[in-house]
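Here is what each chain is made of, one letter per residue.
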Amino acid sequence: MDAPTAFRQQLLGAIPRLRRYARSLVFDPSAADDLVQTTLERALAHWHQFDQQRDILVWTLSIAHNAFMDERRRDKRMTLVEPNEARDVVDALPAVGNDIGLRLDLVAALSKLPVEQRQPLLLVTLEQLSYAECAEVLRIPVGTVMSRISRARSALRDLLDGRAPSNARGLRRVV
């Protein structure tokens, strides 16, 4: 049975934010599009499991998170952003002013964060989810969300100030 029209319309409305989150998460436009496609396929295949009382964005972000983690477990490899690819990544981020250098620094700093810190930071700051919604998407306790966001913000401040992060444990090495 096909998904109802109302569900499909809600799903279409969630695509831009889902796509933005995917692009910020994986730092590769092609891989992000693949993640969005996988998410939409899974959502359509399991539309009957969607609770109309929930926000469809939170539901689809949960699906995207699970698909991303599945892919990560399968591949066990890191995606690195090459300088010539940085423009695509920067375009996917919210504007931080007209200073392209700052935008590139932000992309570089975000890419150095471990995914465990980057995911909740992006969900709360970029997608404007509450800590509780973020915890639901990532299937972790709210306190863990708060801790990871705090460490991510601290590390970003240090990286953007040109210092080694004070909580350098777990930072990704980008060559």
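Residues numbered from 1 in each chain as written. Predicted model: local features only at pLDDT ≥ 70, side-chain atom pairs only at ≥ 80, totals over all residues. Heavy atoms only, no water.

Chemist: Could you clarify how one ought to interpret the packing of helix α5 (residues 100-112) against helix α8 (residues 142-160) in this entry?
Modeler: Here α5 crosses α8 at 135°, and the two axes come no closer than 9 Å. Judged by the inter-axis angle, α5 sits oblique to α8. Here α5 and α8 pass one another in a crossing that is right-handed. Residues D105, L106, A109, L110 and K112 of α5 form the contact with α8, whose own contacting residues are L156, L159 and L160. For the contact of α5 with α8, the per-class residue count stands at six nonpolar, no polar and two charged. (Axes fitted to C-alpha atoms, helices over the stretch in contact; angles between N-to-C directions. Helix = DSSP H or I, 4+ residues; strand = E, 2+ residues; numbered from the N terminus. Parallel < 35°, antiparallel > 145°, perpendicular 65-115°, else oblique. Left-handed = near helix turned anticlockwise from the far one by under 90°. Contact = heavy atoms within 4.5 Å. Nonpolar A, V, L, I, M, F, W, Y, C, P; charged D, E, K, R; others polar.)

Chemist: Sorry, what's going on with unusual backbone geometry here?
Modeler: Positioned with a positive phi, F27 is a non-glycine residue whose angle comes to about 60°. With respect to the helices and strands, F27 occurs in the loop between α1 (5-26) and α2 (29-45). Phi at R139 is positive, roughly 60°, even though this residue is not glycine. Here R139 shows up in the loop between α7 (131-138) and α8.

Chemist: Is there a simple way to explain the packing of helix α6 (residues 115-126) against α8 in this structure?
Modeler: Each pair of packed helices gets described by two things: the angle between the helix axes and the distance between those axes. It is the contact of α6 with α8, at a shortest axis distance of 8 Å, that shows an interaxial angle of 95°. Taken together, the axes of α6 and α8 are roughly perpendicular relative to one another. Residues E116, Q117, P120, L121, V124 and T125 of α6 touch α8, and the partners they reach there are V145, R148, I149, R151, A152, R153 and L156. Its residues placed into classes, the contact of α6 with α8 shows seven nonpolar, two polar and four charged.

Chemist: What exactly am I supposed to notice about α5 here?
Modeler: Since there are 3.6 residues in each turn of an α-helix, residues three or four apart along the chain are aligned in direction. Taking 1.5 Å per residue, 13 residues should reach 18 Å; α5 reaches 19 Å between its end C-alpha atoms and fits that length. Taken as a whole, α5 has its buried residues at R103, L106, V107, A109, L110 and S111. (Expected span 1.5 Å × (residues − 1). Buried < 20%, exposed > 50% of the residue type's maximum accessible area, 1.4 Å probe, protein only.)

Chemist: Explain the pattern of salt bridges here, please?
Modeler: For side chains bearing opposite charge, pairing can occur when the charged atoms are close. A complete count under the given rule lists eight salt bridges for this structure. Between R19 and D33 there is a salt bridge, and its shortest N-O distance comes to 3.1 Å. Here R19 is found in helix α1, whereas its partner D33 is found in helix α2, with 14 residues between them in sequence. The network of salt bridges with shared partners includes R17, R20 and E127. (Salt bridge = Lys/Arg side-chain N within 4 Å of Asp/Glu carboxyl O.)

Chemist: I'm lost on the environment of L57 in this one. Help?
Modeler: With respect to the helices and strands, L57 occurs in helix α3 (residues 56-75). For L57, a relative accessible area of 6% corresponds to the buried category. Here L57 is in contact with A14, R17, L18, E127 and L129, once residues within four sequence places are set aside.

Chemist: Looking at this structure, how should I read the packing of aromatic side chains?
Modeler: Aromatic rings in a pair are described by how distant their centres are and how their planes are angled relative to each other. Counting across every chain of the model gives three aromatic pairs. Geometrically, the ring pair formed by F7 and W59 is edge-to-face, given 5.9 Å between the ring centres and 75° between the ring planes. Placement of F7 in helix α1 and of W59 in helix α3 is noted, with a sequence separation of 52 residues between them. The exposure class of F7 is buried, given its relative accessible area of 2%. Pairwise contacts between aromatic rings join F7, F50 and W59 into one cluster. (Phe/Tyr/Trp six-rings, centres within 6.5 Å; stacked < 30°, edge-to-face > 60°.)

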